Structure formats: C-alpha cells, structure tokens
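Residues per chain are reported as follows:
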Amino acid sequence: MTDFDLGNALMKTGILSSLEPWETIRALEISVEWIIDRLIPKGSITLIFGKGGVGKTWLTLDMARCIGSGTPYLGLSTVKSTVIFVDFENPLAVLNIRTQKLGQAENVHFWRANNPNLKAPKLDKKDWELYKQLPEGSVLIFDTLRASQDRDENASDEMGLILGRLKELRDMGFTIILLHHTAKNSDRVAKGSTAIVDLADHILGMTLVRKRKDGQEVIIDDEDTDEDLLYRLGMREKTRFEPFHIYLTLNPDRGFELAPDPQENTLKDMHSILEEMGSTKKTAFLGVCKERLSLSRARTSKLFEIGQGRFWRVEHLKAKNVHMVHPIQFSSLSSLYSAEKLKNSNSDFRNDYEGKNSEPSDIKELSSFPKGLLKTEKQDVLEVDEVIG
C-alpha cells in the first residue's frame, strides 16, 4: 500500500478527524506551571541526582514540607499539593530525626517499603498501579529510583519500562520526583542507562563545590566548618523547561539554606575593580579582571556580558572604534546583596546555562544511634568555576 492509499484509508476510517491539527495545538493558552517556582515543574518527571550521602533526602523532605503547606521553599513560591514520600531507603529512625528537625508539615504522607499496614509497591511489580489510586494532582517523591524497582538500571529496555510507568502517572496529573545517584566516575552524570535521562523531563544535579576568595582556592579539610561548603542544585544534562540553579549551605540543625551565588560575588568584585579604574576601555578592564581575579579569558568575557546593564554599561565610540566601559553607580552595593534580595540563582541569566550533605555527628540526643544514621559519607569537592562555567 502506498502512502497515498494509506492516507485515503485513514481518512475513510475517520482517524484523522480524531487527531489534533497544528493550529489547534498552537491556539491553546497553556503556560508552564511550577510546583516549586523554576525548580520543580508541575505534571513532570524530575530526576534529582547526586552522590550517595550528599543530602538528597534532606533536600526533598524540606521540599515536601513546603509543598504540603504551600509555603515558599528557600524563597521560591510553591503550589500547595498533597505529597506522598515513597521511601525505599531510610530507616524509620532517620525519618523521625529529620522530620523533628524540619518541623511541622501538613498534607505530607510517607509510604514506606516496610509499612506495617501496606508496603509501598515497587514500580516493576503488578501492584504498582496502586499509585494511580492516590489523590489526583499529588506530588510523588521516590527515594530512590534504584531501590524502587528490581530491574537492571543499566539496561535501556528495562529502564524504559520503569520510566514508561512513571510517565503514565505523570499523564494522569501526578508530579514525579525521583532521587538518583551519580555515575562512579563523574558527579555531573546520572547513573545507569541513558534511557533514564532521555525519558525524564527535567534533570537536577546536586553537587558539593569549593568556594573561592579573591580568586584563590580555599582548601577544605576535616576541620573546616559547614560555612565553608557550598552545594549547587541545578539543571544538568537536559530539561524540557527552564535552566535554573541555586546554591545552598547546610545548617546541621535545620537542613539546607540559601547561599549567595559565587558568580554574583565575582560580578560584584569586577564592579569594584571598575569603580577603582573609572570609565575605561573594555580591553583594559577585562585584562585587569582576568589578572586580579584569576579568571580565564573566556570566563572573563562571559561574565562581562552577564554584568552588562546591571553592573556596567558600554559605550561604543565609533570614531575611534573603541568600547568604553562605565560603572553603574549604586547608593550602596550592600543593598544588592541584602537578605531580602539575595541573588542566588541564574534567574536573570536564563540563557547562561550548561549542557549539594553531612548531617551532624555530635548531636547529644542522637548519640545512641549508629553513626550511619547521623552522618553521610565524605563528598568530593568540585571547583566553583568548573561548576558555573
């Protein structure tokens, strides 16, 4: 049968009349909705990956608490929703400790693998369809993808089956959050078959990074305090939505808190240099910034473009074919970095994209628990410059 004959056959059976024309789709007034603004898209499959012990459970427990009550998560607005935390990983003692530290929550329910009344079904078993009976529009958090099924996570067909079932839940209106691990040789790549990333909608990586001061490394050793550590949570590998990232620090008594974006700090340093120099040629300004801040040529140029219009303006003197850079004057730079206006994400730089835990070990009231319940394993540290550009 030719394509023409097949087309005629389809027309006769009325199949085409049931399909959606281009212009019908184009005319729909649909906007992307976010369960957590710019971080967790509503009605999607979001994969959050990071090394074991980096703090993914801490992170998503706090997300669940905020989503359930409809309160902002680290300053990002949320849509109040029922949350089901499907836990295949943690002992009950760990959940008890962390929920006590995070405080009260509403609309958040735990479905544990060893629930005495009804065990959480694995995604590759026949009873997985019990998830379809959960309240419409719920947020389902699976901790972890590996533990939530017994298939080979390196086999594309088997992971295709698991992600296919999750897509069924997504298409019913559920928002899916999957916790996952990194590959052995890279903190930037999700573990297992590429089908996992290919079939998910939104990929977030959580990575421990090293701060820099005045362009010099700050070496982190065992005696450094938590204030010396930064965690980057943001888009990795792919997204069907909007690239976005934030930086976090760990408060042992509370979990993760917002931290200043190192990129923003570098822009602030460049602005200070320009104020010292006064209005000057672009080439001279970039040269001084590169030397004093120990930046690469490419990184300096990239930051220059990002800061244009916010920290400096550029004037093109056509007669001399020279670009002059003028600092933008602020009454107080500190107002740009106040707690109320903490610049932590790349929300102003949405085209600038590429492609975060140790719990306290000295909590007296928890001294009777095994150390494994209190402290996650030591994490490798990446350079901030590597992470953001």
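Participant: Could you give me a rundown of the pattern of salt bridges, with the residues and numbers involved?
Facilitator: Pairs can form between side chains of opposite charge once their charged atoms are near each other. Following the criterion strictly, the structure yields 19 salt bridges and no others. Asp150 is the partner of Lys125 in a salt bridge, and the nearest nitrogen-oxygen pair spans 3.3 Å. Residue Lys125 is located in the loop between strand S5 (108–112) and strand S6 (139–143), and its partner Asp150 is located in the loop between S6 and helix H6 (156–171); the two are separated by 25 residues in the primary sequence. Judged by its relative accessible area of 43%, Asp150 falls in the partly exposed class. Put simply, Asp171 and Arg170 hold a salt bridge, and the shortest N to O gap is 3.0 Å. When its relative accessible area of 58% is taken as the criterion, Asp171 is described as exposed. Overall, the relative accessible area of 17% leaves Arg170 in the buried class. The network of salt bridges with common partners includes Lys122, Asp124, Lys125, Asp150 and Arg151.

Participant: Just give me the short version of the environment of Arg313, but keep the residues and values in it.
Facilitator: Relative to the helices and strands, Arg313 resides in strand S15 (residues 312–317). On the basis of relative accessible area, Arg313 is assigned to the partly exposed category, the value being 47%. Spatially, the C-alpha atoms of Arg313 and Met324 are 8.4 Å apart, while their sequence positions differ by 11 residues. Ignoring sequence-local partners within four residues, the contact set of Arg313 consists of Met324, Val325, His326 and Ile328.

Rules behind the numbers
- Residues numbered from 1 in each chain as written.
- Predicted model: local features only at pLDDT ≥ 70, side-chain atom pairs only at ≥ 80, totals over all residues.
- Heavy atoms only, no water.
- Salt bridge = Lys/Arg side-chain N within 4 Å of Asp/Glu carboxyl O.
- Helix = DSSP H or I, 4+ residues; strand = E, 2+ residues; numbered from the N terminus.
- Buried < 20%, exposed > 50% of the residue type's maximum accessible area, 1.4 Å probe, protein only.
- Contact = heavy atoms within 4.5 Å.

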